[in-house]
Amino acid sequence: MSRVRLQGVEKRYGDHLAVASLDLDIREGEFLTLLGPSGCGKTTTLRMIAGFVRPTAGRLFIDEDDVTAVPPQRRGIGMVFQDYALFPHMTIAENIGFGLVERGAAKDRVAARVRELLELIRLPDIGERYPTEISGGQQQRIALARAVAHPPRVLLMDEPLGALDLKLRETMQLELRRIQQALRITTVYVTHDQTEAMTMSDRIAVMNAGSVEQLGIPTAIYDTPRTRFVADFVGKINFIPGAVAAAGASALIVTPLGRFEAVNPDRLQSGQTATIAVRPENISFLSPEARATTVNRVDGTVEGRSFVGNLLHVTLRVDATTTLIVETRPQDPVPPDGARATIGWRPERAILLPER
C-alpha cells in the first residue's frame, strides 16, 4: 500500500487551465474516485499521477518519493483503461503474466501468480483461452489481473466499465471493489457515473472546472453537499433560491415559494443569499392533518410521474417557473395528475447552500 500526494499540482494547455492548483492526499489502501463531468480535469489528474502528463506546476509524491519528473515505467503504477488493450495473439494466462515475463521472473513464479490471480478474479479455468473467446466483463477482469500481476504501488483506473452494459457494469462494480479490497492496493478511479462512485469508493473527490469542489465519504457527498454543483451532480435534488431572514443554529429562509426553516451548518447570516436544496426522497405528500403541523410545505398541482423500477418520481407544478420532484414508492397513495396537493419536508432534511 502506498500513499499518493498532490501538492499544488496544475496543468495548463496554452491559455486553458485543465487542473487548477490541486492539493490531494490519497491514503494508503483506499479506493478514491475522481468524479465529475467531461472536461472537469479528472482524467488529466489521473494521467499526471501515472506520469503520462507532466504538470505545469506543483509536485507529486508516492510515499516519500517525489515522482513529478519520474517516467511512468519507473513509478510502480498499474493502469486499467476503458479499452482493455489485451494482446489478442496471447492466451489469457500469457496476458496476465506478460509484465512478470518482461521483468525476467522465473516461469514457475509466473505460472503460480497467474493461477493465484485467476482464482482471485473467479475465472480459474480460462487461462488457455484467447481474449476474443471471452466476454467483455471477463476481459475487464483479465485487464485488472494483468495490471496487478507485478504488484503496483498504486492502481489507476480510467472509466474501465464505460463500455459495458448496465447490468454487467453493476456486477463489475462489486467485483472490482472486492478485488481491490483483497489486494489492499491504493486505487484512484475516474468516472462520471455517480452511482459507480457511490458503490465503490472509500472517498469521492467531486471535480468541476479543474478543481475539487468536495472531498469526502459517499454518504457525506450525498447527504451534505457543500456547493450547488455537488448537490446537483450527485443524485436528484430540488433547489429553492432565497435569502436568510433569521439565523442561528437554524435559519429562516424567505423564498418566492414561501418561508422555510433549515439547519444552518455554515452559520449563514441574516441578509445572505442562499439556496434550499431538498432530495426528492425527503419530500412527502401531506395529509390535511400533517399539513397543519408541518413547517416546510408547498402547494401545487400534480403534473406528471415517471416510473423507475421500485420508485416513482412525481412532478409538482408550484408556479409558472417552478416544479419540484417527489420520490415515492409505486404502492404509496399519490394524488392523480391535475390534482392539487401539498408536499412538505422536515427542516433537518433540507440542505442550506450559501451563494458562491
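The rules behind each value
Residues numbered from 1 in each chain as written. Predicted model: local features only at pLDDT ≥ 70, side-chain atom pairs only at ≥ 80, totals over all residues. Heavy atoms only, no water. Salt bridge = Lys/Arg side-chain N within 4 Å of Asp/Glu carboxyl O. Helix = DSSP H or I, 4+ residues; strand = E, 2+ residues; numbered from the N terminus. Buried < 20%, exposed > 50% of the residue type's maximum accessible area, 1.4 Å probe, protein only. Pairing = 2+ DSSP bridges. Axes fitted to C-alpha atoms, helices over the stretch in contact; angles between N-to-C directions.

Participant: So what about the pattern of salt bridges? Which residues, and what values?
Facilitator: Where charged atoms from two side chains of opposite charge come close, those side chains can pair. The final tally for this structure, using the stated rule, is 18 salt bridges. Residues Asp-202 and Arg-177 are paired through a salt bridge, measuring 2.6 Å at the closest nitrogen-oxygen approach. One end of the pair, Asp-202, is in the loop between α6 (194-200) and β9 (203-208); the other, Arg-177, is in helix α5 (residues 166-183), and 25 residues separate them in sequence. By relative accessible area, which is 13% here, Arg-177 ends up buried. Two residues, Asp-299 and Arg-291, come together in a salt bridge whose shortest N-O distance is 2.9 Å. Exposure remark for Arg-291: the relative accessible area of 31% places this residue in the partly exposed category. One network of salt bridges, in which partners are shared, links Arg-122, Arg-141, Glu-175 and Arg-178.

Participant: Residues and numbers for the pairing of strand β1 (residues 4-13), please.
Facilitator: For β1 and strand β4 (residues 57-62), the ladder comprises five bridges, and the chain directions are antiparallel. Its bridge partner lying in β4, Val-4 is registered against Ile-62. Relative to strand β2 (residues 16-26), β1 is paired through seven bridges, and the arrangement is antiparallel. Residue pairing for β2: Val-9 is matched across the bridge by Leu-22. Counted between consecutive antiparallel strands, the loop separating β1 from β2 contains two residues, among which Gly-14 sits at a positive phi close to 65 degrees.

Participant: Describe in detail the sheet that holds strand β14 (residues 273-278), supporting the description with residues and values.
Facilitator: The strand order across the open sheet formed by five strands is β13-β12-β11-β14-β20, and the pairing between neighbours is antiparallel. At either end of the open sheet lies a strand with only one pairing partner, and these are β13 (258-263) and β20 (351-354). Neighbour-to-neighbour, the strand axes of this sheet turn through a mean angle of 45 degrees, independent of strand direction. Where strand β11 (residues 238-247) and β14 come together, six bridges link them in antiparallel fashion. Bridging across to β14, Pro-241 finds its partner in Thr-275.

These values are about where atoms sit, not about what they do.
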